[in-house]
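So the chains spell out like this:
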Amino acid sequence: MFGKKYNDFLKLVVYQVYPRSFKDTNSDGIGDLRGIIEKLDYLKELGINAIWICPCFKSPQVDNGYDISDYCDIQPELGNMDDIKELIEKAHKLGIKILMDLVANHTSSEHKWFKESKKSKDNPYSDYYYWFDEPQATYGSIWGGSAWEFCEERQQYYLHRYHTTMPDLNWTNPKVRKEIYDVVDFWSGLGVDGFRCDVITEISKDFSKNQMGMGPHIHEYINGLFGRPEAEHLFTVGECWVWSKEEYCKLTKEERKELSTMFQFEHILFGKKKGGYMPEPQSLTALRDILIRWQEVSYENDLLYPLFTDNHDQPSFISRVGDYKNKRYELATCIATMFYTLRGIPFLFQGQEFGTISPHYDSIDDFRDVSAINYYNYNKDELGEKTILEHLNFGSRDNARRPVAWDDSEFNGFSDVAPWIPLNSNYKEINLKKDRESKKSIFEFYKSLLKLRKENDEIIYGELKVLSQPEDGYWLFERELGDKKIVVCCNFENENKITLPYNSANLLITNNLERKDASCDYSAYEVAIYRI
């Protein structure tokens, strides 16, 4: 059973903001913290009660803020410390918690620590990073090439798992660990309620086994960071590319005092291959089976499970799992129902709530992401420019990073000048204003679904009982707590007859405007939730 802290965490509904692309308030084409403040009432109306803000710290912006040069100050183009303090205060008044993005595996090469570290082998910051006379393993950089870079000034190699300007911190050094403790305590002291932890399982390496992440001290390091009395109250969610159920339990069980939960990516890689840049055959039936399997792990081990489909690193989920071109409303609301009626913590990504899909571009000049540009440069000669652009249009991280389409005006309500990255190519057809004016409003469905979740404890805490069979082209399941029970019906790609095993059922929510009761005929992607 969960303790009080985890029971409270189960009530969270988190909305992820990519600040550069959320809302620009000072006409420089870049979203900012004041843009988040401006939209707090909108987010409250949607039904969320926590905001995860992608990195807004000082940074050279090689990787859009994940290359941090100062953990305790704000990137000027995004705002200042007064802005973040005001955001925290106003969010809290609305009952909304604030989560920051903690990047503890690496810094920018412009960070003071690295600038000092590279000067010599015997200065106070010398061992803040991994330095060797020769590369210690055959690590490749995630974004192509070697993970080792030679520094002329120090005459040694340093490790960078990502870009050459993003050196990995040496967590074997207790001084480094203390520095990150201080970062967490600094923001917690300002009222921040928790952290999303970027590639957190990479902070412990094992060079002898050529193993970049999940090194021998990973649990020690994470417990040392978040198991401290100063940090125990925080909600933490890890970006952990971990497939082992055993490690999932070790990292997130409440009594271990490591992470509150961690993103599980099996369903995110679903429908993607070749490093995420190419589609592969998929079905909602296969997605259902993945969700059931991880729900079982969650229930059996008393784990918090993050319920998410989209984030800043992934192309639109609905753009790769069904007929989004002809049935975008039905598909988007079906997937939302599949995820957000389960036990766990809902996470939404900006624009998801009105059905944003991935855009399409014909030039590499329309992309900004360093990983996409590296992929283009490393592969264009072998695969050809046309093929590479097809790959990027499907799988680039920039798909999620286009400005939020608030309306269909010249700069889609995001700004009154051209933005830092080209607008989503389909914003005239898909934007919040148009969606809210439609009878088939995805936003209104999300709003109703999240309200239903908030008002019914059986959705938050109840037991899950699957009623459909593996061979069925739909998902029928119960959520039950005490004498309260609802049943959720999610039909998939084809029309189906689905009979509920009850004498009576009261319809609560559906995405079929014609449905009035529990009749058995369901169209493609139709969903309905009933009170039993």
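Before any of the text, the structure's been laid out above.
All values derive from a computational prediction rather than experimental measurement.

Asker: Now, about the layout of surface pockets: what can you tell me, with residues and values included?
Answerer: Space inside the largest pocket adds up to approximately 920 Å³. The wall of the largest pocket is formed by 41 residues, among which I142, W143, Y162, W241 and R397 lie closest to the centre. Of all elements in the fold, only β9 (194-198) and α12 (370-383) reach the threshold of two or more residues within the lining of the largest pocket. Broken down by element, the lining of the largest pocket gets its largest block of residues, five residues, from α12. Here the lining of the largest pocket is built from residues that sort into 16 nonpolar, 14 polar and eleven charged. By volume, the second largest pocket amounts to about 360 Å³. If you trace the second largest pocket, you find 22 residues lining it, with G47, N49, L450, K451 and K454 closest to the centre. Mapped by element, the contributors of at least two residues to the lining of the second largest pocket are α3 (40-46), α16 (442-455) and α17 (457-461). In terms of residue count, the dominant contributor to the lining of the second largest pocket is α16 (six residues).

Asker: Outline the packing of helix α11 (residues 328-340) against α16, supporting the account with residue identities and numerical values.
Answerer: Each pair of packed helices can be summarised by the angle the axes make with each other and by the distance between the axes. α16 packs onto α11 with a crossing angle of 15 degrees between their chain directions and a minimal axis gap of 10 Å. The angle between α11 and α16 places the two elements in the roughly parallel class. At the point where α11 passes α16, the crossing takes the right-handed sense. On α16, the residues that touch R328, Y329, A332, T333, A336, T337 and Y340 of α11 are I442, F445, Y446, L449 and R453. For the contact of α11 with α16, a count of residues per class yields eight nonpolar, two polar and two charged.

Asker: Could you give an account of the sheet that holds strand β16 (residues 463-466), naming the residues involved and the relevant values?
Answerer: The strand order across the open sheet formed by five strands is β16-β17-β18-β22-β20, and the pairing between neighbours is antiparallel. At either margin of the open sheet sits one strand with a lone partner, and together these are β16 and β20 (506-510). Neighbouring strand axes in the sheet, compared pairwise and without regard to direction, differ in orientation by 25 degrees on average. Both β20 and strand β22 (residues 527-531) contribute to a ladder of four bridges, which runs antiparallel. Pairing of N506 across the sheet is with R531, part of β22. Across the sheet, α11 touches β17 (474-481), β18 (484-491) and β22, and the angle it forms with β18 is around 140 degrees. Its contacts with the sheet place α16 against β20 and β22, and it is angled at close to 130 degrees to β20.

Asker: Mind laying out a nonpolar patch on the surface, listing which residues take part and the relevant values?
Answerer: A cluster of nonpolar side chains, contributed by W241, W243 and L269, occupies part of the molecular surface with about 300 Å² of accessible area. Position of W241 relative to the elements: it lies in the loop between β10 (235-239) and α8 (245-252).

Asker: Now, about the side chain of N399: what can you tell me, with residues and values included?
Answerer: Locating N399 in the fold gives a position in helix α14 (residues 398-401). By relative accessible area, N399 is classed as buried at 5%. Excluding residues that lie within four positions of it along the chain, N399 makes contacts with P315, S358, P359, L392, N393 and F394.

Asker: Tell me about the side chain of D407, residues and numbers included.
Answerer: Counting through the fold element by element, D407 comes out in the loop between α14 and α15 (432-437). Buried within the structure, D407 lacks any salt-bridge partner; its nearest side chain of opposite charge belongs to K433, at an N-O separation of 7.4 Å. In terms of polar contacts, D407 uses its side chain to reach the backbone amide nitrogen of G413, at 3.0 Å. Apart from residues no more than four positions distant in its own chain, D407 is found in contact with N412, G413, Y427, N431 and K433.

Asker: Just give me the short version of the packing of aromatic side chains, but keep the residues and values in it.
Answerer: Following the criterion strictly, the structure yields 37 aromatic pairs and no others. Measuring from ring centre to ring centre gives 5.7 Å for F114 and W131, while their planes differ by 15 degrees; the resulting arrangement is stacked. With F114 in helix α5 (residues 112-117) and W131 in strand β6 (residues 131-132), this pair connects stretches of sequence that are 17 residues apart. The same class applies to F114 and to W131, which are both buried. Between F186 and W187, the aromatic rings sit 5.1 Å apart at their centres with planes inclined by 85 degrees, giving edge-to-face as the arrangement. Ring pairing ties together the aromatic residues W52, W241, W243, F263, F265, F308 and F347, which thus form one cluster. Geometry around Y299 places R343 over its ring, the cationic atom sitting 4.0 Å from the centre.

Cut-offs and rules
- Residues numbered from 1 in each chain as written.
- Predicted model: local features only at pLDDT ≥ 70, side-chain atom pairs only at ≥ 80, totals over all residues.
- Heavy atoms only, no water.
- 1 Å grid on protein atoms, 1.4 Å probe; cavity = no way out; pocket = protein on both sides within 12 Å on 5 of 7 lines; lining within 4 Å.
- Points joined across faces, edges and corners; volume = space filled by probe spheres on them.
- Helix = DSSP H or I, 4+ residues; strand = E, 2+ residues; numbered from the N terminus.
- Nonpolar A, V, L, I, M, F, W, Y, C, P; charged D, E, K, R; others polar.
- Axes fitted to C-alpha atoms, helices over the stretch in contact; angles between N-to-C directions.
- Parallel < 35°, antiparallel > 145°, perpendicular 65-115°, else oblique.
- Left-handed = near helix turned anticlockwise from the far one by under 90°.
- Contact = heavy atoms within 4.5 Å.
- Pairing = 2+ DSSP bridges.
- Patch = residues over 30% accessible without salt bridge, like charges linked within 9 Å, V, L, I, M, F, W, Y side chains within 5 Å.
- Areas by Shrake-Rupley, 256 points an atom, 1.4 Å probe, with all protein chains shown as cover.
- Salt bridge = Lys/Arg side-chain N within 4 Å of Asp/Glu carboxyl O.
- Buried < 20%, exposed > 50% of the residue type's maximum accessible area, 1.4 Å probe, protein only.
- Lys, Arg positive; Asp, Glu negative; His and termini not counted.
- Polar contact = N/O pair within 3.5 Å; in protein donor to acceptor, adjacent residues only side chain to side chain.
- Phe/Tyr/Trp six-rings, centres within 6.5 Å; stacked < 30°, edge-to-face > 60°.
- Lys NZ or Arg CZ within 6 Å of the ring centre and 35° of its normal.

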